[in-house]
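Descriptive structure summary
What follows is each chain in one-letter form.
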Amino acid sequence: MTGSPTERPVSFPSGGLLLRGILGMPDGARSCGRGVVLVHGWGGYRIGPHRILVRTARLLLGRGFATLRFDLRGRGDSEGDGTMTDLDGMIEDTSNAVGFLRQECDVGRIALLGICSGANVAVGVAGMDPGVSELVLWSVLPFKSQRPLRRRIARMRHYGLVYLRKALSAGTWARLLRGEVRIGGAFRAIVGEPAGISRGRDLKDSRRDLMSAFASFRGRALFVTGTLDPEGMEGRRIFMPFCRRHGIRAEFELVEGADHSYYDPAHAEAVVERTLSWLLDESASGGTR
Amino acid sequence: MSLSDEVFFVLSGGLKLLAVFQPANDRARFGILMVHPFGEEKKCAHRAFVETARALARHGVASLRFDLRGCGDSEGDFGEATVRSWIEDVRAAWGVLRERLPDAPLGLLGLRLGATLASRACRDVGPVRALVMWQPIVEGRAEISGELRRLLVQEMVSRGRAGRRRDEIQSRLERGEGTVALDGYPLTPAMYRDICAMRLSDDVPAWPACAGIVQFGRSSPRIEAFAREARCRLGIVALPPIWVRSDFIPGPSAGDLLAREAVLPFLDAE
Amino acid sequence: MAAERIEDTIKKMMVERLFLKMKPEDIGDDTLLMEDLGVDSVSVFEIVVGLEEVFGVTFEDDEFDIQNFRTPRSVADYVRRKLASRDGA
């Protein structure tokens, strides 16, 4: 059966939750040679910054790839409490997304494309799923444990809590802290249940050593970083020698003048075009398991 | 695993718009059409909309949220959208909500430009029994100027200097030359013109009796004066601006807060 | 009583507007805003608006130069120049 490329809304289970996504089938046929799962960043959802994941998925679809962009738990239209979503949960979700794509169309090869922390999630999945043959990593970050301590301290902003303190009068705030008022909606909305204030673990940390697992990745990887993305450049400084040391076939591209999310349309176009040509470069893909 | 909402496409002007209908937990006593904000603000605010819809369902209010053409997962090119085509999309989505809820009163909820679009749409859909505007754009021209200023600050942070001025950018747009990227979304001369022409006060005569404005965090003398002139309710919800890139990830409690303080009081006011 | 230093007013404004989890007095005059405090373009915009509200100055588009926003000291110097030209006009 042949037809034109179609996109349709889909759902699939992960960790007891229902995740939502958009599945793209190149020509209506169930058997497609290659598939791409697109992974969004920490606070975003399946469309990505300025819809870059939508546009990329549609371009890939036009070139014959099956595509799945989806919402991680607690994000977008998926089930789950977003204030509890952690990196390991995101990795589990993405692994299940890969399984779902395999089940929906008999893809021979699966690539993961992730942006920002979505790229880190993709690295996490690649380290445990030998069926992932390609990784496209846009603006990958250093994992939390790899960040310099100074930077970690400086970036902690308890945005919502301070905001709430300003919204309540001093007297009410003091009473709230003493437990004399019932925890109101705004407080709970911003910090979750009281136990959630100090969970003792950073949601962006994994319980596993993801880099060690990634060391045995035998597919190929494309890392793209904007030169004006300080965190991304730090990620590149870590992954470049790591890939070399462990014999991971990786290419590292820089987009001159680009920021973390490629907000300049010229930069976005450069990233997408490079990604497409890299994925379509069949000659580079020989030898993957 | 339990999500009771349904995902499908709404047709508008030959384009498929992605939509999600969230039924009420019991019989729907009200239905709300949710209109998202402009550009990247939509991505930032999306989850807050979702959590609000789910919380509203628990209070007997069904909702339909959808992606305007050229936005989210809908078809269409953002660069070809106009305010008029977006109002057409609001009408199409309203029609689908009415099909789903033939007997319930219906209202509109919008955020930022979505609120201004919702306000404008009151003339075209109907009858609208409630209009809830979250941080609406009151004067399109002033808003665009602020957005262009934000763009210049972004350029300064990226490249060291802004390199251009707002009046230069605006002149070019007014002459129909070129497009400006706001967080990667093209602001075309046509859209620039459309947004500059938008004034919330123009729509007041078409508003339902139950019309209200909600500001995030704090109000301003300007919005207070507007609400007084328009004789609509003004509320403040103690949350950070959900349409701005930030560390704040809304969870079910945020949805509950938004439903209880920023939607329901405006529906029950009759 | 001495008037508050402009640097200290700026630090207080920043902690408040950017929701920084620190006390204003913990920020040094030469603390690098972007590198050490993680200030990004969204935050710089907040700082610009905050400075205009607090000091009653207006920043022109062609005055947006990142050198003015490197540290609390450079922001304060920038504000002093603006105040001088406003008051001297």
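Here the structure is shown first, and the text comes after it.
Structural notes, computed from the coordinates. (Residues numbered from 1 in each chain as written. Chains lettered and ligands numbered in written order. Predicted model: local features only at pLDDT ≥ 70, side-chain atom pairs only at ≥ 80, totals over all residues.)

Quick word on the overall build of chain B
Secondary structure summary: chain B contains nine helices and ten strands in total. Relative to the 2.2 N^0.38 estimate, which gives 18 Å for 270 residues, the radius of gyration of chain B is 18 Å and therefore close to what a compact globule would have. By principal-axis analysis of the C-alpha atoms, chain B measures approximately 55 × 40 × 40 Å. Looking at chain B as a whole, 54% of its 270 residues are labelled buried. Across chain B, every contact between residues at least 6 apart in sequence was considered, and the portion connecting residues at least 24 apart equals 68%. (Helix = DSSP H or I, 4+ residues; strand = E, 2+ residues; numbered from the N terminus. Rg over C-alpha atoms; globule rule 2.2 N^0.38 Å. Buried ≥ 20, exposed ≤ 12 C-beta atoms within 10 Å, placed from the backbone. Contact = placed C-beta atoms within 7 Å.)

Some words on unusual backbone geometry
Only a minority of non-glycine residues have a phi that is not negative, and only a minority of peptide bonds are not trans. Note the cis peptide between Gly-126 of chain B and Pro-127 of chain B, where omega equals -10°. Secondary-structure assignment places Pro-127 of chain B in the loop between helix H3 (113–121) and strand S6 (130–134). A positive phi angle, close to 55°, is found at Arg-51 of chain A, a residue other than glycine. Positionally, Arg-51 of chain A belongs in the loop between strand S3 (34–39) and helix H1 (52–62).

Re the interface of chain B and chain A
The interface of chain B with chain A comprises 32 residues on the first partner and 38 residues on the second. Listed by contribution, the elements that provide at least two residues to the side of chain B that touches chain A are helix H1 (40–58) and helix H8 (252–262) of chain B. Here the side of chain B that touches chain A gets six residues from one element, more than from any other, and that element is H8 of chain B. Residue classes in the side of chain B that touches chain A are distributed as 16 nonpolar, eight polar and eight charged. (Nonpolar A, V, L, I, M, F, W, Y, C, P; charged D, E, K, R; others polar.)

Concerning the pairing of S3 of chain A
Residue and element names in this part refer to chain A. The buried fraction of S3 is high, at six of six residues. Residue alternation in S3 divides its side chains into two sets, Arg-34, Val-36 and Leu-38 and Gly-35, Val-37 and Val-39, and both sets are buried. Sheet topology note: the S3/strand S4 (residues 66–70) ladder contains four bridges and is parallel. The residue of S4 that forms the bridge with Val-36 is Thr-67. Taken together, S3, H1 and S4 constitute a β-α-β crossover, and its handedness is right-handed. (Pairing = 2+ DSSP bridges. Right-handed = clockwise from strand over helix to strand, strands pointing away.)

Focus: the interface of chain B and chain C
Interfaces are frequently sized by the accessible area removed from exposure as the parts join. Taken together, the contact pairs 13 residues of chain B with eleven residues of chain C. Grouping the amino acids of the side of chain B that touches chain C by side-chain chemistry returns six nonpolar, two polar and five charged.

Things to note about the sheet that holds S3 of chain A
The strands making up a sheet associate through hydrogen bonds between their backbones, and the pairing can be parallel or antiparallel. Residue and element names in this part refer to chain A. The eight strands are arranged S1-S2-S4-S3-S5-S6-S7-S8 in an open sheet whose pairing can be described as mixed. Both edges of this open sheet fall to strand S1 (6–14) and strand S8 (249–255), since each of them pairs with a single strand only. For this sheet, the mean angle separating the axes of adjacent strands, direction not counted, is 20°. The pairing of strand S2 (residues 17–25) with S4 spans four bridges and is classified as antiparallel. Counted as the bridge partner of Gly-24 is Thr-67 from S4. Strands in contact with helix H2 (residues 87–104) are S1, S2, S3, S4, strand S5 (109–115) and strand S6 (132–138); relative to S3, the strand with the most contacts, it is inclined by about 150°. Of the strands in this sheet, S3, S5 and S6 are in contact with helix H3 (residues 117–126), which crosses S5 at around 145°. (Axes fitted to C-alpha atoms, helices over the stretch in contact; angles between N-to-C directions.)

Notes on the sheet that holds strand S4 (residues 61–66) of chain B
Residues and elements named next belong to chain B. The strand order across the open sheet formed by eight strands is S1-S2-S4-S3-S5-S6-S9-S10, and the pairing between neighbours is mixed. Among the strands making up the open sheet, the edge pair consists of strand S1 (6–12) and strand S10 (233–237). Across the sheet, the mean angle separating the axes of adjacent strands is 25° when strand polarity is ignored. As paired strands, S6 and strand S9 (residues 211–216) are joined by four bridges and run parallel to one another. When the bridges of S9 are listed, Leu-131 appears paired with Ala-211. Of the strands in this sheet, S6, S9 and S10 touch H8, which is tilted by about 160° from S10.

Any link to function would need more than the numbers given here.
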